[in-house]
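Architecture at a glance
Given next are the chains, with one letter for each unit.
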Amino acid sequence: MNAPQKIERKPSVCPHDCPSACALDVEVIDGKTIGRIHGAQDQTYTAGVICAKVARYAERIHHPERLLYPLRRTGPKGSGQFELISWDAALHEIATRFNAAEQEFGAQSVWLNYYAGTMGKVMRDGVNRLAHAKKYSRHNGTICVNLAWPGFIAGTGRLAGPDPREMAKSDCVVIWGTNAVSTQVNVMTHALRARKERGAKIVVIDVYRNDTMKQADMALCVRPGTDGALACAVMHVLFRDGLADRDYLAQYTEEPEALEAHLQTRTSEWASRITGLSVAEIEAFAHLIGATKRVFFRLGYGFSRQRNGALNMHSATSIAAVIGAWKYEGGGAFHNNGAIYKWRQPMIDGSDVMDASVRALDQSRVGAVLCGDADVLQGGPPVKAMLIQNTNPMSVAPEQERVRAGFSREDLFVVVHEQFMTETARMADIVLPATMFLEHDDVYTGGGHSYVELGQKLIDPPGECRSNHEVICAIAERVGAQHPGFQKSPRELIDATLCDIGWGTFEELAKINWRDVQVDFEQAHYLKGFAWPGGKYRFRARWNEVPFRSQMAPHWGDMPTMPDHWAVIEEADEAHPFRLATSPARSFLNSTFNETASSRTREGRPTVMLHPEDAAAYGVADGDRIVLGNARGQVRLHAKLFDGVQRGVLVSEGIWPNDAFEDGRGINTLTSSYSPAPFGGAAFHDNKVWLRRG
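An account of the accompanying structure is given in this report. Starting afresh in each chain, residues are numbered from 1 along the sequence in its written order. Selection of residues for local features in this predicted model requires a pLDDT of at least 70, selection of side-chain atom pairs for listing and counting requires 80 or more, and totals for whole chains, interfaces and linings are taken over all residues. Note that water and hydrogens are dropped before the side-chain values are worked out from all heavy atoms of the structure.

**Some details on the sheet that holds strand 1 (residues 7-13)**
Put simply, the rule reads: Should DSSP find at least two bridges between two strands, the strands are taken to pair. For helices the rule is a DSSP run of H or I covering at least 4 residues; for strands it is a run of E covering at least 2, with both sets numbered from the N terminus onward. Orientation is described by axes fitted as lines to C-alpha atoms, over the contacting stretch for helices, and by angles from 0 to 180 degrees between their N-to-C directions.
One open sheet accounts for three strands, arranged 1-2-3; its pairing is antiparallel. Of all the strands in the sheet, just strand 1 and strand 3 (33-39) have a single pairing partner and so form its edges. The mean angle between the axes of side-by-side strands here comes to 30°, regardless of whether they run parallel or antiparallel. Inspection of the sheet shows strand 2 (residues 23-29) paired to strand 3 by five bridges, in the antiparallel sense. Counted as the bridge partner of Asp25 is His38 from strand 3.

**Let's talk about unusual backbone geometry**
We count it as follows: When a residue's accessible area, from a 1.4 Å probe over protein chains only, is under 20% of the maximum for its type it is buried; when over 50% it is exposed; and in between it is partly exposed.
For the bond from Gly654 to Ile655, the omega torsion is 25°, close enough to zero to count as cis. Here Ile655 shows up in the loop between strand 26 (649-651) and strand 27 (687-693). Pro678 follows Ala677 through a cis peptide bond whose omega is 0°. The phi angle at Ala47 is positive, at roughly 50°, despite the residue not being glycine. Structurally, the position occupied by Ala47 is in the loop between strand 3 and helix 1 (52-55). Classification of Ala47 as partly exposed rests on a relative accessible area of 29%. Even without a glycine there, the phi angle at Tyr526 is positive, about 55°. You can see Tyr526 is positioned in the loop between helix 24 (521-524) and strand 21 (537-538).

**Describing the side chain of Arg365**
Put simply, the rule is: Any pair of nitrogen or oxygen atoms within 3.5 Å is treated as a polar contact; in protein, a donor-acceptor pairing is required on top of that, and neighbouring residues in sequence qualify only through side-chain atoms on both sides. Any two residues whose heavy atoms approach within 4.5 Å are treated as being in contact.
Counting through the fold element by element, Arg365 comes out in the loop between strand 14 (360-362) and helix 16 (366-370). One polar contact links Arg365 to Asp375, side chain to side chain, over a distance of 3.0 Å. In contact with Arg365, not counting residues within four places along its chain, are Asp373, Asp375, Val376 and Ser673.

**Digging into the state of the cysteines**
In plain terms, the rule: Whenever a pair of cysteine sulfur atoms sits within 2.5 Å, that pair is classed as a disulfide.
All told, the structure shown has zero disulfides when counted by the stated rule. Looking at Cys18, it has no disulfide partner, and the nearest cysteine sulfur is the one in Cys22, 5.7 Å off. For Cys18, a relative accessible area of 16% gives the class buried.

**Remarks on helix 14 (residues 309-322)**
Counted only if it meets this: How far a helix is expected to stretch is found by multiplying one less than its residue total by 1.5 Å.
Over its 14 residues, helix 14 extends 20 Å from the first C-alpha to the last, a length consistent with the 20 Å expected when each residue adds 1.5 Å. Counting buried positions along helix 14 yields 14 of 14 residues, so the element is predominantly enclosed. Directly beyond the C-terminal end of helix 14, a positive phi value near 70° is found at Gly324.

**A few points about the sheet that holds strand 20 (residues 514-516)**
Spatially, 18-19-20 is the arrangement adopted by the three strands of the open sheet, whose pairing is antiparallel. Here the strands that pair on one side only, and so sit at the sheet edges, are strand 18 (442-445) and strand 20. Taken over all neighbouring pairs, the strand axes of this sheet differ in orientation by 15° on average, direction set aside.

**A word on the pairing of strand 9 (residues 201-206)**
The two faces of a sheet get side chains in turn, since along a regular strand they alternate between them. Burial analysis of strand 9 places five of its six residues in the buried class, the great majority of the element. Relative to strand 9, strand 8 (residues 172-176) runs parallel, the two being bridged by five bridges. Within strand 9, the residue paired with Val174 across the bridge is Val203. As paired elements, strand 9 and strand 10 (residues 218-221) share four bridges and run parallel to each other. Across the sheet, Asp206 pairs through a bridge with Cys221, a residue of strand 10.

**Structural notes on the packing of aromatic side chains**
The cut-off we apply is this: Aromatic pairing here means that ring centres of Phe, Tyr or Trp (its six-membered ring) are within 6.5 Å. Orientation follows from the plane angle: under 30 degrees is stacked, over 60 is edge-to-face, and everything else is tilted. In this scheme, Lys NZ or Arg CZ marks a charge over a ring once it lies within 6 Å of the ring centre and within 35 degrees of the ring normal.
Going through the model one piece at a time under the given rule, you end up with 17 aromatic pairs. Ring centres 6.3 Å apart and planes at 70° place the aromatic pair Trp176 and Phe285 in the edge-to-face group. Of the two residues, Trp176 sits in strand 8 while Phe285 sits in helix 13 (residues 279-290), which places them 109 residues apart along the sequence. Phe285 carries the same exposure label as Trp176, and that label is buried. Taking the centre distance of 5.0 Å and the plane angle of 90° together, the rings of Phe588 and Trp656 count as edge-to-face. One end of the pair, Phe588, is in the loop between strand 22 (578-581) and helix 25 (597-603); the other, Trp656, is in the loop between strand 26 and strand 27, and 68 residues separate them in sequence. Of the two residues, Phe588 and Trp656, neither departs from the other in class, the shared state being buried. Cluster of aromatic residues (ring-pair linked, three or more members): Trp326, Tyr526, Phe530, Tyr537 and Phe539. The positively charged end of Lys121 is found above the aromatic ring belonging to Trp343, 5.0 Å away from the centroid. Looking at Arg538, its charged tip hangs above the ring of Trp532, at a distance of 3.9 Å from the centre.

**Regarding the pattern of salt bridges**
This is how it is decided: For this analysis, a salt bridge means a side-chain nitrogen from Lys or Arg found within 4 Å of a carboxyl oxygen belonging to Asp or Glu.
Taken as a whole and judged by the stated rule, the model has 52 salt bridges. A salt bridge links Asp614 to Arg647; the shortest N-O distance between them is 2.5 Å. You can see Asp614 sitting in helix 26 (residues 612-617) and its partner Arg647 sitting in the loop between strand 25 (633-641) and strand 26, a full 33 residues away along the chain. Among the ionic contacts, a cluster of salt bridges with common partners joins Arg307, Glu570, Arg579, Arg632 and Asp686.

Here it is in structure tokens:
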């Protein structure tokens, strides 16, 4: 009884929706449970550092409230009333209901809805194999990248940039639109190293004084949706004051003269009125980066989550070209490294049998889809049956009132494969227990670095939990779906995919854990030309030529082509005098981790940050109940007086479950499902609201 526990340290990969995809060193105790999780020292981007919430993952994987057995609903939808059933009974009912929907309404009445609850290729993308094989409605995963990626690619022609580890070799790191301390801690690892070793300056641009901004040498707090104006004014000053690199512009960019002419009226005074920054702040930022050669722009997702988000991204990226930062090690602009991986995975995702004529339903408009809006259904049948993996739309999707109404339909059959009884699971007819990342094999890549990483099964799952792959294959067998990928194990799928791309085999990757596929300096810095015909960086975006794989019809409208402030955001007005941003909390990751006690304790309760002068004008004291509202609904929460936001700006960190709010309505009640140009997406931080004491 007193024998010491045997603790082994084994490698793995964080599976969660974070660009870092951290390499892990996991304490495995007696081959059955896990202890502390550490960052892997020998993967040079993670460099031994991970976030606190993953470090204490044992709290989550061994949580007493994990789902362990299949369940069938016995009470009203959302009641949480379920009974235990067998896997055979659950799978039989799923197949029967899916087949019935297909026979009566057509295959497209079945929708397999998923996202990035795991970033593993097998467990995330395998659901598409079933959708494609059966010609169920395809899934258009718009909620994250559809605004950011096209904005970056519009200039460079390719979704890739300098080696992210070069931040440590920079003389100025500009962290724009990402609270890296909370959401991708390794950015700070390398930025702080540059400060320590080189005396580099750190500039942070965001909509509130968050934990990352507190680390900054220069902190610029802008109004939400105005980043394009700041970028234009900075470039105006660079041209005006002789700080633009005209030799670089002549060799590597297209239409620099047209850009300079366009920016003549985009002065610091003009941007000050739009952004809320002072003229002095804008000019100081421009002069800092203009006088520094090695400037590394680390561009996040946050400032793209606006109706004008793609243009904001293109405008910010363009600054690096104006100063010629791309020429230097430690310089240039980086958003995501997706293009270096050249990932092809037909055996995993069934893309070899995809029928492009089958509609793709917009994830960001799940409420409209389930409520039967004709435009999003694209002339096809209503959705009658769903399987949901790796996502929690009842908490995270915009326009929650419509989402709730859609999932409440009695004629909608919903299967949720989950780890906890989430709000979406409570709306299900069948709930299936899912494995966690240490309980199955998978392969990962990181958008924020350059590694292909293997995460092997380290412990057995509890109860009757099954992996996403097992569930998809079991359903496929019962509904008659045909594809060779259904006959392979996760290891076989990984092996086939690695071999197809030329990255060796599963066994070879297992020996080294992670393979660095970073391209060489000249390619990463576009020194042989940008990825457009002619090899020039494009200041004038040709949105219709951006190579972004969208499963929806693009729309340009009157979208500007040159960098600019595009005034299509949901501006505050007399009836809605505040702009609301819904930013990530440090202890949650979207709705993941809000079931763990330590995360909930650290976050406290749902609050909204409110400038003290605004609070005084409304008679609101710190901690008071207040109500926020707009045409989409209203939310009751508590005020947090905070002078780190501009007047007229509100910030609510989350995502808290709806039932954590006194009225049972979460913050995404207020967010819009508006589909922005050019490829749709979710403008989570672009909301006008009113405020009253509650």
